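In case you want the letters, here they are:
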Amino acid sequence: MFSTTCEIGEGQATMGRQLRENSAVTEAGLGAGNGARAGSGNAFFARARVTDSDLCPCGGGLYGQCCGPLHRGEREAVTAAELMAARYSAYAAHEADYIWRTWHPRYRPEVINVDDGVEWEGLTIINAVDGGEDDREGIVEFEAAFHDHDGVGTMHERSRFVRRARRWVYVDGEVTYS
């Protein structure tokens, strides 16, 4: 069983230095609400930091031809690795609603916080076990480089995904920072 370390307060998740400082905290798994609830601290927001003509944060080409269509709900991720890359891009692009709706409802927090002080600088997929078009489960291991007010860092995660209602969703992961 994996332990999730993506929550900083009950019912809230964030990605960045706060995770590193609070890595022993686990998910609340508060279930679904009425649509995505994206938060920045206590203020809700929904702003894209990436346009379709920009390079996609995941490194897969132009955002409008890579993760943008997934974030807008125009199509679903075909593999667990594609979903993981799209979720990484969603953190970088501040698409908190996408992060929330691609998180398994039993495990996702009530609110997703995207930290304005974190800049995501690169994604490396290390390994994928299963998670293909015909699989029901998959594991994706990756590293994500970032910097924030405290300096540079790397987040290493081994994420678990399942197929639910014919679409991939994130369940949880083992996270370490360096």
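Now for a quick tour of the structure. Please read these numbers as outputs of a predicted model, since none were measured by experiment.

### Thoughts on the state of the cysteines
A full pass over the atoms with the stated rule returns 0 disulfides. Cys67 supplies the cysteine sulfur nearest to Cys56, a cysteine that is in no disulfide, at a spacing of 3.5 Å. Take Cys56: its relative accessible area is 5%, and that puts it in the buried class. Of the residues examined, Cys67 reaches a relative accessible area of 3% and is grouped as buried.

### Let's talk about helix H3 (residues 80-93)
Along its 14 residues, H3 runs 20 Å from first to last C-alpha, staying within 8% of the 20 Å computed at 1.5 Å per residue. Judged by how many residues are buried, H3 sits mostly within the fold: 13 of 14 residues are covered.

### Considerations on the sheet that holds strand S6 (residues 119-130)
Read from one edge to the other, the open sheet built from 4 strands follows the order S6-S7-S8-S9, with strand pairing classed as antiparallel. The open sheet has two free edges, formed respectively by S6 and strand S9 (167-177), since each of these has just one partner strand. Each neighbouring strand pair of the sheet contributes to a mean axis angle of 25°, computed without reference to strand direction. Strand direction decides the pairing type here: strand S7 (residues 137-148) and strand S8 (residues 151-164), joined by 12 bridges, are antiparallel. Of the residues in S8, the one forming a bridge with Gly138 is Phe161. H3 rests against S6, S7, S8 and S9 of the sheet, and its axis sits at about 165° to S6.

Criteria and cut-off values
Residues numbered from 1 in each chain as written. Predicted model: local features only at pLDDT ≥ 70, side-chain atom pairs only at ≥ 80, totals over all residues. Heavy atoms only, no water. Disulfide = S-S within 2.5 Å. Buried < 20%, exposed > 50% of the residue type's maximum accessible area, 1.4 Å probe, protein only. Helix = DSSP H or I, 4+ residues; strand = E, 2+ residues; numbered from the N terminus. Expected span 1.5 Å × (residues − 1). Pairing = 2+ DSSP bridges. Axes fitted to C-alpha atoms, helices over the stretch in contact; angles between N-to-C directions. Contact = heavy atoms within 4.5 Å.

So, to be careful, I would describe these as geometric facts and stop short of saying anything about function.
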